[in-house]
Each structure stands twice: as C-alpha cells, then as structure tokens.
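Here's the letter readout for the chains.
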Amino acid sequence: MKMTKHPLGTLVETDVLVIGSGASGCGAALGARDQGLDVVLMDKGKLESSGCIGGGNDHYMAVLDEPGEAHDTVEDLIKFYAKPLNGWSPAMLQNGWYAHMKYFLDVLGKAGVQFSKKADGTYLRTQGFGQPGRWWVHIANGMTIKRAMARIVRDAGINTLDNVMAVKILTDNGKACGALGWNVRTGEFVLVRAKTVVSAQGRSATRGTDNSTHNPFNVWMYPYNTSAGVVLGYDVGAAVTELDTYQRATMLPKGYGCPGMNGINSSGAHEINALGERFMGKYDPMMENGVRNNQIQGTFQEQMEGSGPPFYMDMRHVDKDVVHELQYVLMPGDKATFGDWADCTGTDFQHKLLEVEIGELIFGGTIAVNDTFETTVPNLFCGSIFLYCSGAMCGGYEAGRQAGMRAAGITEAGKINEDLAASVKKDVFAPMQVPADDGISYKEIEQATRNVMNYYMGFRRSMAGMARALEKIRFLSGQADRLHADTLRDLMRCHESRDILTVCELAIQATMERKETGRCVYKLRDYPELNPDMAKPLLLIRSEDGPRFQWGKAPLL
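The rules we used
Residues numbered from 1 in each chain as written. Predicted model: local features only at pLDDT ≥ 70, side-chain atom pairs only at ≥ 80, totals over all residues. Heavy atoms only, no water. Helix = DSSP H or I, 4+ residues; strand = E, 2+ residues; numbered from the N terminus. Rg over C-alpha atoms; globule rule 2.2 N^0.38 Å. Buried < 20%, exposed > 50% of the residue type's maximum accessible area, 1.4 Å probe, protein only. Contact = heavy atoms within 4.5 Å. Areas by Shrake-Rupley, 256 points an atom, 1.4 Å probe, with all protein chains shown as cover. Lys, Arg positive; Asp, Glu negative; His and termini not counted. Charge placed at Lys NZ, Arg CZ, Asp CG, Glu CD. Pairing = 2+ DSSP bridges. Axes fitted to C-alpha atoms, helices over the stretch in contact; angles between N-to-C directions. UniProt positions renumbered as here; feature names shortened; annotations may be inferred. Phe/Tyr/Trp six-rings, centres within 6.5 Å; stacked < 30°, edge-to-face > 60°. Lys NZ or Arg CZ within 6 Å of the ring centre and 35° of its normal.

In the annotation of an unreviewed UniProt entry, the entry for the protein reads Succinate dehydrogenase flavoprotein subunit, and the organism field reads Desulfovibrio piger.

This is the structure:
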C-alpha cells in the first residue's frame, strides 16, 4: 500500500481494494492476498468487531463429505441451493462456497475458534433451515470468532483502513478503479486507487423496520449494515438483484433482538401458539426445523387467525445437555448479552416456555455477479453473495481470488476523476453545513422510514399500499438534503440513513415488479399465487429515469 498526500486528503494506492471488513471482506482480502498481491481492506468500523459476525456466531455451515453421513456432498449442496430464483449456478456453489468450506474450518480452528467435536473426533453438526443434511458445525466460543478472523487478516500482511466509510466506487473508462471514503473518527477524506475492487458490505439493511422494542439497534442482525454495497453498486451502474426476494425475518425472544433460532429450532424445540397447539406442521413438513420463511409465514398466519400472540418455543422435552449448550454456550456466542438478558428475565430453556415474536423485517439484496463473481461493471467483484458466516467467508474468498487474478494482469490502475472526487467530498460533509434550526436529524428521517415500511411493506401487502409506500419514501428521500450533523458520528449516521432510504425505495420497486406470492415472507393480495414465469432473478440497473428491470441471471462480461 502506498499512501501520499493529496489536495483533497489522502491518496492510497494498491492492487486490490476490498470494501467491507466483515466475514465476506476478510475472506476477499485473504483470497486476493493469496495471489501475492497488495490488498487494502476498508471499513467504517474496526476490523476486530466489524460485520455481522462482529458480535459473535454460533454455527458454521459446512458440507464435509464425511463417510456414512447422509446428504453431505457438493451435489447435495448444489441441489438445495442452485435455484433459478437466486441465480446461484452449480459452478458458483462448488467453486465459491463448497471449495473453501474446509479451508476456513481449518484456518479458524488454528486461530483459536473452538468448533465442537464428537468423541470420534468429527465435528458436532446439526440440521437446520430445511436443509437435507447436518451442515451446521457448533461453535463453543463464538463471541471471539471475529477477533480470530482479524488476527488471520493482519498476520497475512493485509493493509487495513479502519474507520473509513466508502461513499463512491470509482471507474475509469467504465472499469472499476478504486473508491472514495472518509474517516469517521478524524474527518480525513480518502481516495483509493486500485486495479480491481471487491464489494463485501453484506446483504442486509437492518434498520428499515423494527421489532416490538422499537429500538433499531436491538435487532436480529448487525444494525450497522445498511446495504451500502447495493447502493454503491447500483450507483456505479452494476446490476443489483434479490431486492424483491431477500426480505427476511426470524423469530426472536420476546422483546430482545438476538440471533439463535437456528440452534433453537434444530434442538428439537416445538413452537406453540396461544391455544397450546404445536402448529408448524401445517406450514412445513420439517415442522420448526423447516425453511425459515415458512416459520415466519406460519406464525404470522396463526396471528392473523387469532391463535396468537403469545407464541412460545418449548424445549422442556429436549435433552438437558443439548438445552444447556444452547442457552449457555451457543446463544451467548451469537450475542454476548444474551446471558445478561436471560438472567434479568428468568429465562430457562430447560424448565420454562420461551416467549417469542416475529422480529423486524430486513430488506436487502446484493450486486449481481457471473460465475467468476464479477459484476456487470468490469473489474468490480462482489463477495457478499451467499448466506451465513460460512457463505460470506467462502464467497468473499472466491471473489477476492478472482479479483486478484484479474489485478495481476493489469499494469496500472485507472485514473481518478478529480472533479468528481471534489464534488463527492463536498456532498459528504454537506450535513455539517446545514443549520440546526432548518435541518432534520438522522433519527427523525430513519424513524419516518421505518413507520412507512412497517405500515405498507409488512407481511401482507397490496399493490396500492406499495405504491403509497414508494410515494412516501421518495418524499423522505427528497428531505435528505436537510439532514443535519453536529458531529462526525452524526455525519456517519446521516449517510447510513441515505443508504437505508435508497434500499427501501429499490426494494419497493422490485417487489412491485414481482407480481406473485410465495417466494418470500410476504403475501401480495393482488397476486396470491406463484407465477412460474417469475422463477428467476430480477435485476435492477440504474438509468436516468430510475431502475431498469431485467429478468434472469447477470450477463457475462
């Protein structure tokens, strides 16, 4: 990495730039570094705690080909995940996920992550989310996994730009050549020039709706993810996808936003409605251990019919050792404050029912890629394609590997448009020039956004309601120039709010294009049935008049 002074701030030059230092970004940085290249990893947070796994993780998904283990081959993985809807081809799944699963199990294990093992030395794995095999490896010290990942990255000689928020991907002659950002601690403007770029900023915007706590930071997934990857990719002209179908929710302990339902469901827990009935058999043949969307749809339907709330997860019949590991090892490993919450509320999986609720609805998606993880913008790759900690690391690694191989054949990075950079810098700090009396806070605009999305874009929708939501979100977007910031922290939040508004607007438009019901957690009153012609990805590509829609997988470059 080369750093020099620039009239606008600091100029950083490298071979491969990775934006986002969560699981996907760490994987991408390692993939590029393994090609022998100089790599810069940039994130608005700090490497040791950034990304969804910054707060911990309880399971690592792996298909391991263990002898005698059913449904434990790459063919099983491909059969389950290579669906026309998400655009994941067999080649992507085999080369980008399966090929790196064992590698990261080994690397993380050597770095101190304690993967649970059985007496015969094989990994302790369970079945979940409707998958055919036992693909979930238990983690005994999950709260430390990100710090272990950070040590691996730093020991590999990867350069990090901690606390630098990316705001613009740069191109030269249509090819990605770097990014612009600013340090959220010091206010320093940063220009990064690179031969290739990897977007690894996650798939989710977690503050577009809220749960019963009405605290947008007390949520299931990492609250600092705002789908900035989608926003930056869309802004630079890359096709984005899954905005219409990657709308997810999970069950939560009532009043506490935390991960962990995979462990609870796969432990053998029964979901019980207010009438004392175990009802999930009506919605998924695998009951509570079925597809997550089915549990959400089923629970919401029971609520609509008056059979709840309350809803409970009953684990009193489950083996005491399994339940003990779940409450005291796996759940705190996924969110460190779980033990404190359990103590305060008297939660006891072994002896009491756990009241649960449907949590916040997450809107998100990703930048569409081809089989080599390259987007429709040449030299821009994306690592945030697959799901879960495992999918993020492995997909990130493959994206970084491909970006590294491409960079190795490029003599010199493209040039930075100085006028554009100056304009972006002015826009970045504009909220600090807005008078407080005339401005609005990020809290106000985000809460207004959540009110709109909760009301019109919930688990039951109509075309008229979505049109109204679009109108209101666009009005709020029109107020974004009034965002006021007193501090650099507030300024960061202002830019996060802009991202959330953009993702919500794109998600509404994408959902209105998908005129059917049944592929996500919501039902659409105007189109209550599946449409077989829509069993494929929906791409959104920026144009002067808004998004241009295209059905099908991202085209090859």
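K.L.:
Residue-level account of the overall build of the protein, with values.
P.N.:
When helices and strands are tallied, the protein shows 14 helices and 26 strands. Relative to a compact globule of 557 residues, whose C-alpha radius of gyration would be 24 Å, the protein shows 23 Å and is just as compact. A buried classification covers 62% of the 557 residues belonging to the protein. Once local pairs closer than 6 in sequence are excluded, the contacts in the protein between residues at least 24 apart make up 73%. Only carbon and sulfur atoms are counted for the fraction: they give 51% of the accessible area of the protein, which is about 21000 Å². The averaged location of the 65 negative side-chain charges in the protein is 2 Å from the averaged location of its 58 positive side-chain charges.

K.L.:
I'd like a rundown of the sheet that holds strand 11 (residues 189–193), residues and numbers included.
P.N.:
Adjacent strands of a sheet form backbone hydrogen bonds with each other and so pair up, either parallel or antiparallel. Here we have five strands laid out as an open sheet, ordered 1-2-11-10-9, and mixed in their pairing. Strand pairing shows two members of the sheet lacking a second neighbour, strand 1 (2–6) and strand 9 (164–172), which therefore form its edges. Averaged over all pairs of adjacent strands, the angle between strand axes in this sheet comes to 25°, irrespective of strand direction. Where strand 9 lies against strand 10 (residues 175–183), eight bridges are found, and the strand directions are antiparallel. Residue pairing across strands places T171 opposite A176, the latter belonging to strand 10. This element, helix 14 (residues 488–513), spans strand 9 and strand 10 of the sheet and lies at about 140° to strand 10.

K.L.:
Outline the pairing of strand 25 (residues 538–543), supporting the account with residue identities and numerical values.
P.N.:
Relative to strand 25, strand 14 (residues 240–241) runs antiparallel, the two being bridged by two bridges. Across the sheet, residue T241 finds its bridge partner in strand 25, namely L539. Summarising the sheet, strand 25 and strand 26 (residues 546–551) pair through six bridges and their orientation is antiparallel. In the sheet register, S543 faces strand 26, and the bridge partner there is G546. Linking strand 25 back to strand 26 in an antiparallel pair, the connection comprises two residues.

K.L.:
So what's going on with the UniProt feature "active site" (unreviewed entry) in the protein? Which residues, and what values?
P.N.:
This chain's UniProt record puts "active site" (unreviewed entry) on R292. Those residues in contact with R292 that sit more than four places away from it in its chain are F129, W220, R248, A249 and T250.

K.L.:
Account for the packing of aromatic side chains, with residues named and values stated.
P.N.:
Within this structure, the stated rule accounts for 27 aromatic pairs. Centroid distance F338 to F349: 6.0 Å. Interplanar angle 55°. Geometry classified as tilted. Residue F338 is located in helix 9 (residues 338–345), and its partner F349 is located in the loop between helix 9 and strand 19 (354–358); the two are separated by 11 residues in the primary sequence. Relative accessible area serves as the criterion here: at 0%, F349 is assigned to the buried category. Consider the rings of Y455 and Y456, whose centres lie 4.8 Å apart with planes at 90°: the pair is edge-to-face. Y455 sits in the exposed class, given a relative accessible area of 65%. For Y456, a relative accessible area of 17% puts it in the buried group. Chaining the aromatic ring pairs together yields one cluster made of F80, Y81, W88, W97, W135, F373 and F386. Stacked on the ring of F80, the Lys or Arg K83 has its end atom at 5.4 Å from the ring centre. Here the basic side chain of K335 rests over the ring of Y256, its NZ or CZ set 5.2 Å away from the ring centre.

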